[in-house]
Amino acid sequence: VAMSKPELGFSLIEVLISIAVGALLLASLSQILITVREGWERSTASDQALGVETLAHEAIIRTLKAGIAAGPNQREGGLRGTDTGLDMVVMPPQSAVGLGRLKARLVTERQADGSFNLVLSIRPLTSSSTTPAPLRERWILLQGLESVRFKYSGPLDKQPRNHWEDLAVAPELVELHGVYKSRD
């Protein structure tokens, strides 16, 4: 009686099944990696947007705190506000006091794609239009906003107003409502 030798290795069916199982595992793993990467990108973008918003918030607060109310005989000073922005006279920080009083504008600018930017610009107040301005600065604080709206509240206001024209008194509250454009 002849004895057959035991076969070494795998049969074709076993190899095909192991390749199919390996392919399924790789497909699952790649989908998990794609999901994790997308979540990481969203988280990073959200963190960056929060950082930009924090810096914009601080710049707006510093500008509003530096505002000067107009005196009884002054034409310049105070805050003028609309629902799209505000103008005010501010004092520079102590390190730049030699510049004198400055005109600050915080306004919305419509972009070609229909979104808005929130822009802060500062220029010196000059008594004559022929005097060259030694400083003219412009910063885009926020970009890609779908809508931006300013509201102003005074001590006797029951509801916020869309405009502020009282140059002798600053509003107690300046509300800035901004909505980011969706990125769909």
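Please read these numbers as outputs of a predicted model, since none were measured by experiment.

Enquirer: Sorry if this is basic, but what is going on with the side chain of S115 here?
Expert: Within the secondary structure, S115 sits in the loop between strand 3 (102-110) and strand 4 (116-124). A distance of 2.7 Å separates the side chain of S115 from the side chain of D113, its partner in a polar contact. Apart from residues lying up to four places away in sequence, S115 is in contact with E109, R110, G144, L145 and K181.

Enquirer: Before we go on, may I ask you to explain the pattern of salt bridges in this structure?
Expert: Two side chains with opposite charge may pair up if their charged atoms get near one another. This structure, assessed with the given rule, holds four salt bridges. E41 is paired through a salt bridge with R37; the nearest N and O atoms lie 3.6 Å apart. Of this pair, E41 and R37 both sit in helix 1 (residues 12-65), four residues apart, which is roughly one turn of that helix. By relative accessible area, R37 is classed as partly exposed at 48%. Its salt-bridge partner being D157, residue R161 comes within 3.0 Å of it at the nearest N-O pair. The class of D157 is partly exposed, set by a relative accessible area of 27%.

Enquirer: Quick question: what am I supposed to make of the nonpolar core here?
Expert: Soluble globular proteins: nonpolar side chains tend toward being buried together. By size, the foremost hydrophobic cluster in this structure holds 21 residues, and its most contacted members are L86, L106, L118, L141 and F150. Sorting the residues of this core by element identifies helix 1, strand 2 (85-90), strand 3, strand 4 and strand 5 (137-153) as the ones contributing at least two each. Contact partners of L106, with chain neighbours within four places excluded, come to I60, T84, G85, L86, L118, V119, L120, L141 and F150.

Enquirer: What should I look at first to understand the pairing of strand 2 in this one?
Expert: On any regular strand, side chains alternate: one points to one face of the sheet, the next to the other face. Of all six residues in strand 2, six are buried, a share of seventy percent or more. The alternating pattern of strand 2 places G85, D87 and V89 on one face and L86, M88 and V90 on the opposite face, and all of these are buried. Judged from the four bridges that link them, strand 1 (residues 79-82) and strand 2 form a sheet pairing that is antiparallel. Bridge pairing links L79 to M88 in strand 2. Where strand 1 folds back on strand 2, the antiparallel hairpin that results is connected by two residues. In this structure, strand 2 lies alongside strand 3, joined through six bridges in antiparallel fashion. Looking at strand 3, one finds that D87 is bridged to R105.

Definitions and cut-offs
Here the residue numbers are simple positions, counted from 1 along each chain's written sequence. Confidence filtering applies because this is a predicted model: local features only for residues at pLDDT of at least 70, side-chain atom pairs given and counted only at 80 or more, and all residues used for totals across whole chains, interfaces and linings. Calculated side-chain values reflect all of the structure's heavy atoms, with hydrogen atoms and water omitted. A run of H or I in DSSP counts as a helix once it spans at least four residues, and a run of E counts as a strand once it spans at least two, with each numbered from the N terminus. The definition of a polar contact used here is a pair of N or O atoms within 3.5 Å, where within protein one atom must be able to donate a hydrogen and the other to accept one, and adjacent residues in sequence count solely through side-chain atom pairs. A contact between two residues is defined here by any heavy atoms of the two lying within 4.5 Å. Whenever Lys or Arg places a side-chain nitrogen within 4 Å of a carboxyl oxygen from Asp or Glu, that contact is recorded as a salt bridge. Note on exposure labels: buried denotes an accessible area under 20% of the residue type's maximum, exposed denotes more than 50%, and partly exposed covers the range between, all computed with a 1.4 Å probe on protein chains only. The nonpolar core is taken to be a set of buried Ala, Val, Leu, Ile, Met, Phe, Trp, Tyr and Cys residues, with the residues joined through side-chain atoms within 4.5 Å. Any two strands are treated as partners once DSSP identifies two or more bridges connecting them.

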